[in-house]
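Residue-level listing of the chains:
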Amino acid sequence: MKANANPIRRLLAIRGMGQVLTVSLGLVVLCLVFSYINPLFLSSRNLHNLSRQIVPILLVGVSQSYVLITGNIDLSIGSVLGMSCMISATFMTKGVNPWLSVIVTLICCLIIGFLNGFLVARCKLPPFIATLGTMTIARGIAQIANNNYNTDSIGEAAATFREIFYYTRFFGLYSPVWIAFIVWLFFNFILSRTRTGRHIYAVGSNIEASRLSGVNVNRTVIFAYLVSAFCAGIVGLMTTATNGMGAMDAGNMYEMYAVAASVIGGVSTLGGQGILLGTVIGAAIWSVLQNGLQFASAPVAIRNIVIGAIVIISVLLDIIIRSGRWHFRQRKPS
Amino acid sequence: MSEFIVEMEHIDKAFPGVQALDDVSFSLRPGEVMALLGENGAGKSTLMKVLGGVYQRDSGTIRVFNNEVGDLTPNMAQELGIAMIHQELNMCTQLSVAENIFLGREITKNGVLSNREMRKHSREVLDRLKINIDPETIVGDISVSKQQMVEIAKALSANARILIMDEPTSALTAKEIDDLFDIIRLLKSEGCGIVYISHRLEELQHIVDRITIMRDGKFIYSMDYADTTMDTIIENMVGREIKEKFPHVECRRGKKIFEVRNLNAGRMARDINFELYDGEIVGLAGLMGAGRTEITRAIFGVDPSESGDIIVDGKKIQIFKAEDAIRSGIVLAPEDRKRDGLCTKLSVRENIALPNLDLLCNLLGIVNRRREREMVKRMVENFSVKLTGPEMIAGNLSGGNQQKVVVGKWLARDSRVVMFDEPTRGIDVAAKVEIYHLMNKLKQDGIGVLFVSSEMPEVLGMADRIIVVCDGRITGELPRCEATQTRILEYAMKFESKSERLAV
């Protein structure tokens, strides 16, 4: 009965790991193809670039994965990102202490996250509608923050802020990569090792069974939306640091990129399934495709078509695998 | 001190339009298995859901372990040691066995899940029940029967002393039922009280100590199993007087219209053979979940069938989808009007036109408004549907009138066979009689009528011939003159004997 004798078997015993390994293989193949087309793809400069491109996709991927695993969806991620960018930048240009700005900004994001969770869990709004509404609201707040203008440069006072959220390197990696890594590690721990995380899977798997087992379903869903908004807020801050200013349309369409990263990484849109390691791979595939197609001198339009197709194919595979297994189970004589 | 661990007295519970429980009393001793018996809709599950905290009672008292409890919630019931295994399994299929067993009661250490400990406890419980499942298996990957066992393990790991099982054997094989009975005997010897709801009366002798019979939301009687006979049980389950009037019309049986040969469609429609003749109404009787709906759906082509021939007017026809059935003149008025029968947000006109658009449209697919109006007018008048006008929204009609529209939309074309699934469910007595008249009219017009009904008096009152289904098979056929409630129920509970070890 002891399964921990063989390390590979132990690895595969982790739920969802099989799919993650399959997708990782796809990632390796992609990297090989792109480096064959253009050897510069694997240059240290491009790899640094790539690592920084992955960060925002990974973090919004964590956002969306949390919500998707509960069986819901969050369309407000991109707008919350934009809102975070504009609010923080506006404060900083007005001379507010950057760290105070960061805290206030994150609180604003969490309010939107709570609203999402409350509307979906307590008011029983369809998540698509509820977060479509907050998506528009958050974008409106981003626009209103600086009277419908992008902000000026956040200036010298925020230099440390920019250092930490964009420039600095530790051990050869840019700080956003470290931030993303820490955030990911933290939320991965919550999801895989704590009671709340377990409840997130349970609610997404069978909400009625969870309720009858005494799980606080509403609190669980609200928590997932809070995580979602928090991560989106962090990316917003990084965007401010990167650009040195606030842009009203920051994060446009990122909720969809987030769905893509999650789904490619094996998070099911039907809930209850997926791990955050998969989201990392999903985000990496997304970024490698963007970056590699650029290196292969593919026009933007082609890039979009390829990436769109990849998203559809991965979800299609997910559905086929699921329904295939289901049929198999049905036919099995009981 | 009382000898009972559960006492429920004078429990009332009403749902909109139905008195589900009417002054019901119930008691359970430690270490006994109590069978709760009754027909569909007798209120068995409702009563147990009140005890399990899923529903709140309207009035009455509940005492558990001699303490009076107020309004229960699922959580409170769990804490009191009441565990309920629902008829439909409630498992998180993507989680593992151990995770399901501890769902809502996870063991943590400094906020971190102690998976190892939970696995260990799960294994202990499973071992105690002699269930051979690895706690790390994903629940969705194990058979339904094993899932049932996991539910029991989950109940026990929460230290349940009162276990409610609602139809636990419906999905199990003979071997698994024997295993389940072993578990029940084990729990009994440990002093747990078990409430056992089942339609399979032949199982009772193996485990049951006492029985309680309910009918129409009322308590009928309770007694020791040893002091009763199967006949008295069935009589008391059925024994209601027939109140409704059934306008039966005698017709001469004409030629054969419709024939089903060796139809197989999944587990719930196995080797189905029957015929319909001109001038007769055939009732399809059976218990809930016996496969009646599945049979009609397979004939209509909405569910795939593995094999079988369908013959209309002597001509064999191929049905792959509902469209094929409709073209051949076979139509179905489904069980759930609001979900399957009507587009409730569309008007009566649009609903009636929907399946007939092929007749109403020209080659370009443009609807001929004049013909549509005429068709709707004809149907509304023929069936005397009461409405303010053809533009009335279908969802706003009364149940009986909705049913007329469901039927009417099919009769606007020349149908040969009409299948009704529970045509009078949820409509009042007067409307029922109108639906019966409608069925008689079809019969007189030489259209084959097959109707599924759970209401015995209705089947007995309206059908010229009754086909009884049990567990996906036809177990009996009775002509009108020979049919009685008792005989139908006998056939309806003629399960393939599953318990091998203790054959009846």
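Along each chain, numbering runs from 1 in the same order as the chain's sequence is written. To read the labels, note that chains go from A and ligands from 1, taken in the order they are written. Under the rules for a predicted model, residues below a pLDDT of 70 receive no local features and side-chain atom pairs below 80 are neither given nor counted, while totals for whole chains, interfaces and linings still include all residues. Where side-chain values are given, they derive from all heavy atoms of the structure, hydrogens and water being excluded.

## Brief notes about the overall build of chain B
Selection rule: By the criteria applied, helices consist of DSSP H or I runs no shorter than four residues and strands consist of E runs no shorter than two, each listed in order from the N terminus. Two things to know: the radius of gyration comes from C-alpha atoms, and the globule rule equals 2.2 Å times the number of residues to the power 0.38. Exposure categories follow from relative accessible area, calculated using a 1.4 Å probe and restricted to protein chains: below 20% of the type maximum is buried, above 50% is exposed, and the middle band is partly exposed. We get accessible surface area from the Shrake-Rupley algorithm with a probe of 1.4 Å; when it comes to residues, only the shown protein chains can shield them. Note on charges: Lys and Arg go in the positive column, Asp and Glu in the negative column, and His and the chain ends are not counted at all. Throughout, a charge is located at the NZ atom of Lys, the CZ atom of Arg, the CG atom of Asp or the CD atom of Glu.
When you go through chain B residue by residue, the secondary structure sums to 18 helices and 22 strands. For 504 residues, the compact-globule estimate of 2.2 N^0.38 gives 23 Å, and the C-alpha radius of gyration of chain B, at 26 Å, lies within 12% of that figure. Summarising its shape, the C-alpha atoms of chain B cover approximately 75 × 50 × 45 Å along the three principal directions. Every one of the 504 residues in chain B was classed for burial, and the buried ones make up 55%. Approximately 21,500 Å² of chain B is accessible, and the part contributed by carbon and sulfur atoms is 50%. Taken as two groups, the 67 positive and 76 negative side-chain charges of chain B have centres that lie 5 Å from each other.

## Looking at unusual backbone geometry
Residues and elements named next belong to chain B. A positive phi angle is found at Asn110, which is not glycine, with a value near 50°. Turning to its location among the elements, Asn110 is positioned in the loop between strand S7 (108-109) and strand S8 (112-113). Here Asn110 falls in the exposed class, since its relative accessible area comes to 78%. Of note in this structure, Lys130 is not a glycine but carries a positive phi near 55°. With respect to the helices and strands, Lys130 occurs in the loop between helix H4 (115-128) and helix H5 (144-157). Classification of Lys130 by relative accessible area gives exposed; the value is 69%.

## Section: the domain arrangement of chain B
All names here are of chain B. Selection rule: Domain segmentation is taken from an automatic or database assignment of domains. Note on terms: buried area is the combined drop in 1.4 Å-probe accessible area of two parts once they are placed together, counting the loss on both. A pairing counts as a salt bridge when a side-chain nitrogen of Lys or Arg comes within 4 Å of a carboxyl oxygen of Asp or Glu.
Domain annotation for chain B reports domain 1 (6-238), domain 2 (255-329 + 417-495) and domain 3 (337-413). Here the C-alpha centroids of domain 1 and domain 2 sit 34 Å apart. Both faces considered, domain 1 and domain 2 share a buried interface measuring about 990 Å² in area, 65% of it formed by carbon and sulfur atoms. If you look at where domain 1 meets domain 2, you find zero salt bridges.

## Description of the environment of A:Gly265
Note the threshold: Note on contacts: a residue pair is in contact if any heavy atoms of the two residues lie within 4.5 Å.
Structurally, A:Gly265 is set in the loop between helix H12 (254-264) and helix H13 (276-295). Ignoring sequence-local partners within four residues, the contact set of A:Gly265 consists of A:Val20, A:Gly278, A:Thr279 and A:Gly282.

## Examining the pattern of salt bridges
Residue and element names in this part refer to chain B. All told, the structure shown has 35 salt bridges over all chains when counted by the stated rule. Among the salt bridges present, the one from Arg29 reaches Glu32, with a minimum N-O distance of 3.6 Å. Owing to a relative accessible area of 27%, Arg29 belongs among the partly exposed residues under this scheme. For Glu32, a relative accessible area of 5% corresponds to the buried category. Asp464 is the partner of Lys443 in a salt bridge, and the nearest nitrogen-oxygen pair spans 3.0 Å.

## Things to note about the nonpolar core
Note the cut-off: To qualify as a nonpolar core, a set must consist of buried Ala, Val, Leu, Ile, Met, Phe, Trp, Tyr and Cys residues joined through side-chain atoms within 4.5 Å.
Of all hydrophobic cores here, the largest spans 133 residues; its most connected members are B:Leu163, B:Phe258, B:Ile299 and B:Ile330. Excluding residues that lie within four positions of it along the chain, B:Leu163 makes contacts with B:Ala83, B:Ile85, B:Ile152, B:Ala155, B:Leu187, B:Gly193, B:Ile194 and B:Val195. Of all hydrophobic cores here, the second largest spans 98 residues; its members include A:Ile69, A:Ile77, A:Cys109 and A:Tyr201.

## Observations concerning the packing of H4(B) against H5(B)
When two helices pack together, their arrangement is given by the angle between the helix axes and by the axis-to-axis distance. Residues and elements named next belong to chain B. For the record, the criterion: Axes here refer to lines fitted to C-alpha atoms; in helices the fit is confined to the stretch in contact. Angles between the N-to-C directions go from 0 to 180 degrees. Note that the term roughly parallel is reserved for angles under 35 degrees, roughly antiparallel for angles over 145, roughly perpendicular for angles of 65 to 115, and oblique for everything else. Crossing handedness is defined as follows: a turn of the near helix away from the far one that is anticlockwise and smaller than a right angle gives a left-handed crossing, while the clockwise case is right-handed. Side-chain classes are defined by residue name, with Ala, Val, Leu, Ile, Met, Phe, Trp, Tyr, Cys and Pro counting as nonpolar, Asp, Glu, Lys and Arg as charged, and the others, Gly among them, as polar.
For the pair H4 and H5, interaxial distance at closest approach is 10 Å and the crossing angle is 115°. The angle between H4 and H5 places the two elements in the roughly perpendicular class. Handedness of the crossing formed by H4 with H5: right-handed. Counting all contacts with H4, which are made through Val125, Leu126 and Arg128, the residues of H5 involved are Ala153, Leu156 and Ser157. For the contact of H4 with H5, a count of residues per class yields four nonpolar, one polar and one charged.

## Looking at helix H18 (residues 485-492) of chain B
All names here are of chain B. This is how the line gets drawn: To be clear, the arc concerns the directions from the helix axis to the C-beta atoms.
Buried within H18 we find Gln485, Ile488, Leu489, Tyr491 and Ala492. Along the axis of H18, the buried positions cluster into a sector of 160°, meaning they face one direction only. Where H18 is buried, its residues touch helix H8 (230-238), strand S15 (281-286), helix H17 (456-462), strand S21 (465-470) and strand S22 (473-479).

## A word on empty space enclosed by the protein
Short version of the rule: The rule is simple: put a 1 Å grid over the protein atoms alone, call a set of points where a 1.4 Å probe fits but cannot get out a cavity, call an open set with protein on both sides within 12 Å along at least five of seven lines a pocket, and count a residue as lining if it has an atom within 4 Å of a point. Grid points are joined across faces, edges and corners, and a volume is the space filled by probe spheres set on the points.
Throughout the structure, instances matching the rule amount to one cavity of 30 Å³ or more. Counted as a void, the largest cavity has a volume near 300 Å³. For the lining of the largest cavity, the secondary structure elements donating two or more residues are helix H10 (207-212) of chain A together with helix H2 (74-80), strand S6 (82-85) and H5 of chain B. Broken down by element, the residue count for the lining of the largest cavity peaks at four residues, all from S6(B).

## A closer look at the interface of chain A and chain B
Contacts between the two partners involve 28 residues from chain A and, on the opposite side, 30 residues from chain B. Between chain A and chain B, the buried area comes to about 2,600 Å², and carbon and sulfur atoms account for 48% of it. Inspection of the chain A/chain B interface yields one salt bridge. A salt bridge links A:Arg198 to B:Glu99; the shortest N-O distance between them is 3.2 Å. Elements with a minimum of two residues in the side of chain A that touches chain B: helix H8 (175-193), helix H9 (195-205), H10 and helix H14 (300-331) of chain A. Counting residues per element, the side of chain A that touches chain B draws most heavily on H9(A), which supplies six residues. Split into classes, the residues belonging to the side of chain A that touches chain B amount to seven nonpolar, twelve polar and nine charged.

## With respect to the sheet that holds S21(B)
All names here are of chain B. Applicable threshold: What makes two strands pair is DSSP finding at least two bridges between them.
If you walk across this open sheet you meet the six strands as S18-S19-S20-S15-S21-S22, and the pairing is mixed. In the strand order of this sheet, the two ends are held by strand S18 (330-333) and S22, each with one partner. Ignoring strand direction, the axes of neighbouring strands in this sheet form an average angle of 20°. One ladder, built from five bridges, connects strand S19 (residues 417-421) with strand S20 (residues 448-452); its direction is parallel.

## Side note on the packing of H5(B) against helix H6 (residues 174-189) of chain B
Residues and elements named next belong to chain B. Following both chains from N to C, one finds H5 and H6 inclined at 10°, their axes separated by 11 Å at the closest point. Taken together, the axes of H5 and H6 are roughly parallel relative to one another. Here Ser145, Met149, Ile152 and Leu156 of H5 lie close against H6, whose contacting residues are Glu176, Asp179, Leu180, Ile183 and Leu187. For the contact of H5 with H6, the per-class residue count stands at six nonpolar, one polar and two charged.

## Examining the packing of aromatic side chains
All names here are of chain A. Which entries qualify depends on this criterion: Within 6.5 Å between ring centres, the rings of Phe, Tyr and Trp (the latter by its six-membered ring) count as paired, and their orientation is classed by plane angle as stacked under 30 degrees, edge-to-face over 60, tilted in between.
Throughout the structure, instances matching the rule amount to 18 aromatic pairs over all chains. Aromatic side chains Phe41 and Phe295 sit 6.3 Å apart centroid to centroid with 85° between the ring planes, which places their arrangement in the edge-to-face category. Taken together, the positions of Phe41 in the loop between helix H2 (17-37) and helix H3 (44-69) and Phe295 in helix H13 put the pair 254 residues apart, joining distant regions of the chain. Look at Phe41 and you get buried, because its relative accessible area is 1%. Its relative accessible area of 25% is what places Phe295 among the partly exposed residues. Plain terms: the ring middles of Tyr254 and Tyr257 are 5.2 Å apart, the flat faces sit at 55° to each other, and that makes the pair tilted. Linking Tyr254 with Tyr257, this pair stays in helix H12, spanning three residues, or about one helical turn. Residue classification places Tyr254 among the partly exposed residues on the basis of a relative accessible area of 21%. Residue classification places Tyr257 among the partly exposed positions, given a relative accessible area of 24%. Clustering of aromatic rings is evident, with ring pairs tying together Tyr66, Phe186, Phe187, Phe223 and Phe230.

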